[in-house]
Amino acid sequence: MGLEEETCKYAYSYSQLAKLIELEHKQIWSLCRSSKKDVVELSTKIDQVHSLAYLNLESNFIGDSGVQVLAPALKKNPVLSVLGLKNNKIGKVGAKALATVLEVNFALNCLDLDDNSVGDTGAQALAYSLNENKTLTELYLKGNNIGNSGAIAFASAIIENESLIYLDLDSNVIKEAGAKSLLHALQENRTLTDLYINDNQVDKQSKIKLLLKRNKKVQKKAFKDAFKKGQPGQWNRAKLMVIGQGKSGKTSTIRSLFREPFDSKWNSTIGVTLTTAETTSSINSSWKKVEDGKQSYYAMEFAARVAATELSKPYEIETPEFRKKSNSSDESQGSTSSATESQSHSNSISIPSGNENLESVIDREEMLESLLVNARKSIRMQPICFSIWDLGGQTVFYSMHHLFLTRYGIYLLIFDMRELFENETVAVHYLKFWINSVNLHAPRAPVLLIGTFLEDVNTRGKLDKIEKILKVNLELGSKFTQIVHNRKDQRFFFPIDNSTSKGTDLIRGIIEMVTRDQDFMQKLVSLRWMCCLDKMLEESDSKSWISMKDVKKLAKGLKITANEEINSMLALFHELGVVMHLTATQALRDVVTLKPQWLINSLSKVIRDGRIHVLEMDSIEKAGLRKDVTKLFQHALASRDLLEYWWGKKNIEFLLDLMRQALLLSDWEFGSEKLYLIPSLAPHGSGRERTLSGNIRIPENGSVGATCIFDFSSSYLPIGVFQRLVCICVSHSGRISGSEEPILYNKWSRIRFGKKNVIYLEERDASKILLTVAKEKSASSTFVAILSMLRKINQDVMSQGLTWDVKFEMKKTEIESNNGVSKQKRSNVRTELVSYKEAKMQNLKPWFGEVDFQRSNVSDRDVHSDVDISLFLRNLEN
């Protein structure tokens, strides 16, 4: 069974990844000088093309010297899984060279050497390599003049090797002694399911077939038992968050991690782009993308790993005669087995139904074998499955990103090293924002600082300067201890260049090493949870989200009934980026988003930079919504018609409520048209007439009013907090009779709470929020309301990580004499800042009074995490 017949038994498992290179019948001579050049060129291509998964070189007369040229490249290639070398005049020297490849290459799954001349010496070398190799599953050696010595060597190998499932030794010169060794080896091996020794000088084929049949039965039983026992195991899954300023090279870095070619014209990321990756080798450190749809077999793969672990345990040697007796009593064994199964302990779980139920998987031997092969590889190589979140770097997305930063994450903070020389202040500002954001939501998560465009700053002096800028401005090593140190270069950052892939191999390995060291990677996960996840994802074929009520119904069928366990299960799935389950309010807890990318795409249709991410205006024009789009991006107001056009009638209510609860949207209650405010899209600029001494001038009466400051300087003020504050204020305003339409800008707003109470909000210096109240008699109630709003934002969105100081402006009038003449006097108004503690002790007017102290205490309860935005707003009115 060679490659010409069915391209290796398991080629279908890799066909989506393979880049096929066919050189069949092209003359690549091994002894001719010109042909050696061809082989060298091929070796270079293998070394460079890291997306190559399948290579068929059948009938090319490569010979021993050609294999010796190819071997160094094959040792380093991290993704090649199928290699066809049939009919290439390869002898023992070439076989020995390939054996050295198998000893270090942990990517190759199938090797076809049919119709060569490896002989006993070459066979022995290949067999010995299987003691080191843990990934080769198929080996074709038909017609290679292999005798007893080679067969005995393979017999010794398969006693220890647990990955090989298919070995073809047809048409060789094996005799009884070799066949007997293989027979005895099979008594201890439970993984080999296909061994061919036809057209040899042996008569033990029937006994060998009996043991191979036993292996298949044992594997089926182990797989089925894994479900019945419901044993927990390690998931080996993590979330990789790629963050940084726009155009810093985030997406290009992800492409480099996959060894994909650099594309200078790659489009800017809109919102967040999700990709699933799996590491394929812990030594060669290669990653491959996981195609959509594989995720529906979480439980199957999980159970296969449990089964593979059981199969790797020492096996009691049984004689063929014993197996014959056992085989003859299959029916009685079956009844006994059923009785035993019915008495299994409470961990037993029902067989999960899915795209393929368990019985159909077991009946399809190739699929079951493929699952077990991958499981054995997983146990030995411990590959990591990454959910990669590429967060758009434009500022407009930042308010949305707070929903996605989770504790169980590895963070790659990408920055353009050139920017630190061309615009240091801005570059440092964005780096501070992202480091502070990660520290807010995931204070223990590791962060890799990755500087791009190394080719443009590739001098020691420039790299040293970057190190100094980062260390001083970001307080590395003191304040932010989760930064991963680059021990190779003794720096706090990793310089790379995506156009040349320089430095990317290092960070790929560092990411894996750091990930394996995280506590969450060691946690055992219940197989029940995996079954429940599969059942939930089955619903995603027709739904983008599912209610908590339906989740509980699915969980109940798997004997998961405790609310605490269900919440823990969903929290894990959310933390690892498989689903989204926000928990800030009861309304958010009541739904689970099955397709995170769908949710992100839906939100990003509204929250986006209209200057960079161009819309398809032709279809919008045909729908008669051009004016609606203009209103959205010029005035931050979305019409219901536009949202329904983008989201569809089926999903609009769900998405509207989610954005309300996440404080990304508020209902616009000013006017007859149904509109929604998207505060992160508020236009740049200011509605102020002027600024005096840091105070906002009030147009209505010309007086300054009373001002207090929420000062975040001791920590930081995340982008999105001011916008969310405006969002709640506008909602509150719309519920109060007499309120007029607010005036809103990205860092300044004028909002009415009723007819007489006018407030002004301003974000200043990226570290302060100023509240000015025009009417002093409204100051205390307004202060309590704004303080409650900030607390809710902190509770619902900012992981309770925000800290701020409150300061009040107190004006003092000083009388001065002019030239010593008492009749000529002038007054100066001097402003002092009074801390919250001092103001409260002094009962500072107009902010404090006895009634307001009581209301301030009530506001703490109003911000409880169970309170949805509508109830919170009702509480503010009381």
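Residues numbered from 1 in each chain as written. Predicted model: local features only at pLDDT ≥ 70, side-chain atom pairs only at ≥ 80, totals over all residues. Heavy atoms only, no water.

Student: Looking at this structure, I do not really get a positive patch on the surface. What am I missing?
Tutor: Positive charge collects at one region of the surface, where Lys755, Lys756, Lys775 and Lys777 lie side by side. Checked against the element boundaries, Lys755 lands in the loop between β26 (748-753) and β27 (757-764). (Patch = residues over 30% accessible without salt bridge, like charges linked within 9 Å, V, L, I, M, F, W, Y side chains within 5 Å. Areas by Shrake-Rupley, 256 points an atom, 1.4 Å probe, with all protein chains shown as cover. Salt bridge = Lys/Arg side-chain N within 4 Å of Asp/Glu carboxyl O. Lys, Arg positive; Asp, Glu negative; His and termini not counted. Charge placed at Lys NZ, Arg CZ, Asp CG, Glu CD. Helix = DSSP H or I, 4+ residues; strand = E, 2+ residues; numbered from the N terminus.)

Student: Would you explain the pairing of β27 in this entry?
Tutor: Side-chain positions along a regular strand alternate between the two faces of the sheet. Among the 8 residues that make up β27, 8 are buried, leaving the element largely enclosed by the rest of the structure. Because side chains alternate across β27, one face comprises the buried residues Asn757, Ile759, Leu761 and Glu763, and the other comprises Val758, Tyr760, Glu762 and Arg764, equally buried. Sheet topology note: the β26/β27 ladder contains 6 bridges and is antiparallel. Following the sheet pairing, Ile751 is matched in β27 by Ile759. Between β26 and β27, which pair antiparallel in sequence order, lie 3 residues; one of them, Gly754, sits at a positive phi of approximately 90°. Bridge analysis of β27 against strand β28 (residues 768-773) gives 6 bridges, and the strand direction is antiparallel. Bridged to Glu762 within β28 is Leu770. (Buried < 20%, exposed > 50% of the residue type's maximum accessible area, 1.4 Å probe, protein only. Pairing = 2+ DSSP bridges.)

Student: Looking at this model, I keep getting lost on the packing of helix α30 (residues 779-796) against helix α33 (residues 869-877). Mind explaining?
Tutor: The axes of two packed helices give the description: the angle between them and the distance between them. Close contact between α30 and α33 brings their axes to 11 Å; oriented N to C, the two are set at 160°. Considering the angle they form, α30 stands roughly antiparallel to α33. Of the two elements, α30 crosses α33, and the hand of that crossing is right-handed. Where α30 approaches α33, its residues Ala785, Ser788, Met789 and Lys792 are matched on the opposing element by Ile869, Phe872 and Leu876. Across the contact of α30 with α33, the residue classes tally to 5 nonpolar, 1 polar and 1 charged. (Axes fitted to C-alpha atoms, helices over the stretch in contact; angles between N-to-C directions. Parallel < 35°, antiparallel > 145°, perpendicular 65-115°, else oblique. Left-handed = near helix turned anticlockwise from the far one by under 90°. Contact = heavy atoms within 4.5 Å. Nonpolar A, V, L, I, M, F, W, Y, C, P; charged D, E, K, R; others polar.)

Student: Explain helix α18 (residues 460-473) here, please?
Tutor: In an α-helix, one turn spans 3.6 residues, which is why side chains three or four residues apart end up on the same side. Between the first and last C-alpha of α18 there are 20 Å, a value that for 14 residues agrees with the 20 Å anticipated at 1.5 Å per step. For α18, the secondary structure elements touched by its buried residues are β13 (409-416), α16 (419-422), α17 (424-441) and β15 (494-495). (Expected span 1.5 Å × (residues − 1).)

Student: Help me understand the pairing of strand β24 (residues 706-711) in this model?
Tutor: With respect to burial, β24 is a largely interior element, 6 of its 6 residues being buried. Two strands pair when backbone bridges link them, and β24 and β28 are joined in this way by 6 bridges, in the antiparallel orientation. Along β28, the bridge assignment pairs Asp711 with Lys768.

Student: Would you take a moment to explain the side chain of Asp416 for this structure?
Tutor: Considering the arrangement of structural elements, one finds Asp416 in strand β13. Here Arg418 takes part through its backbone nitrogen, which lies 2.9 Å from a polar atom of the side chain of Asp416. Ignoring sequence-local partners within four residues, the contact set of Asp416 consists of Lys247, Ser248, Thr452 and Phe453. (Polar contact = N/O pair within 3.5 Å; in protein donor to acceptor, adjacent residues only side chain to side chain.)

Student: Whenever I open this one, the pattern of salt bridges confuses me. Can you help?
Tutor: A side chain of one charge can pair with a side chain of the opposite charge when the charged atoms of the two come close. With the rule as written, the count across this model stands at 26 salt bridges. Salt-bridge contacts for Glu260 lead to Arg255; the nearest nitrogen and oxygen are separated by 3.3 Å. According to the relative accessible area criterion, Glu260 is partly exposed, its value standing at 22%. As a salt-bridge pair, Asp667 and Lys674 come within 3.4 Å of each other at their nearest N and O atoms. Its relative accessible area of 36% is what places Lys674 among the partly exposed residues. Residues joined by salt bridges that share partners form a network here, namely Arg255, Glu260 and Lys289.

Student: Sorry, what's going on with the state of the cysteines here?
Tutor: Note on terminology: disulfide describes a covalent bond linking the sulfur atoms of two cysteines. Taken as a whole and judged by the stated rule, the model has 0 disulfides. No disulfide involves Cys532; its sulfur sits 8.7 Å from that of Cys531, the nearest cysteine. Cys729 takes part in no disulfide bond, and the closest cysteine sulfur to it belongs to Cys727, at a distance of 9.4 Å. For Cys729, a relative accessible area of 0% translates into the label buried. (Disulfide = S-S within 2.5 Å.)

Student: Would you mind showing me how to read the environment of Asp711 here?
Tutor: Looking at where Asp711 falls in the secondary structure, it is placed in strand β24. With 59 residues separating them in the primary sequence, Asp711 and Leu770 have C-alpha atoms 8.4 Å apart. The residues contacting Asp711, other than those within four sequence positions of it, are Ser767, Lys768, Trp804, Asp805 and Lys807. In this structure the side chain of Asp711 is engaged in a polar contact, spanning 3.3 Å, whose partner is the side chain of Lys807.

Student: How should I be thinking about the side chain of Asn105 in this particular structure?
Tutor: Tracing the sequence through the fold places Asn105 in the loop between α4 (92-104) and β4 (110-112). Of note is the side chain of Asn105, whose polar atom sits 3.1 Å from the backbone oxygen of Asn77. One polar contact links the side chain of Asn105 to the main-chain amide nitrogen of Leu108, over a distance of 2.8 Å. Leaving out residues up to four positions away in the same chain, Asn105 has contacts with Leu74, Lys75, Asn77, Asn133 and Thr135.

Student: Would you take a moment to explain unusual backbone geometry for this structure?
Tutor: Outside of glycine, negative phi angles account for most residues, and trans bonds account for most peptide bonds. The residue after Lys845, namely Pro846, is reached through a cis peptide bond having omega 5°. Within the secondary structure layout, Pro846 lies in the loop between α31 (836-842) and α32 (850-862). In the Ramachandran plot, Arg259 falls in the positive-phi region, its phi being about 60° despite a non-glycine side chain. Tracing the chain through its elements places Arg259 in the loop between α9 (250-257) and β10 (272-281). Even without glycine at this site, Lys559 takes up a positive phi of about 65°. In this structure Lys559 comes out as exposed when scored by relative accessible area, which is 53%.

Student: So what exactly am I meant to see when it comes to the nonpolar core here?
Tutor: One broad rule of soluble globular proteins: the nonpolar side chains tend to lie buried together. Counting residues in hydrophobic clusters, the biggest one holds 128 residues, and the most contacted among them are Phe710, Met789 and Trp847. In terms of residue count, α17 provides more of this core than any other element does, 9 residues in total. Residue contacts for Phe710: discarding those within four places in its chain leaves Ser767, Lys768, Ile769, Leu771, Phe783, Ile786, Leu787, Leu790, Trp804, Asp805 and Val806. Trp235, Leu372, Met536 and Leu576 belong to the second largest nonpolar core, which has 72 residues in total. (Core = buried A, V, L, I, M, F, W, Y, C linked by side-chain atoms within 4.5 Å.)

Student: Looking at this structure, I do not really get the packing of α9 against helix α19 (residues 504-516). What am I missing?
Tutor: The geometry of α9 relative to α19 is characterised by a closest axis approach of 9 Å and an angle of 80° between their N-to-C directions. As judged from the angle between their axes, α9 and α19 are roughly perpendicular. Taken together, the residues of α19 that come into contact with α9 (itself represented by Thr253, Ser256 and Leu257) are Thr504, Ile507, Arg508 and Ile511. Residue classes in the contact of α9 with α19 are distributed as 3 nonpolar, 3 polar and 1 charged.

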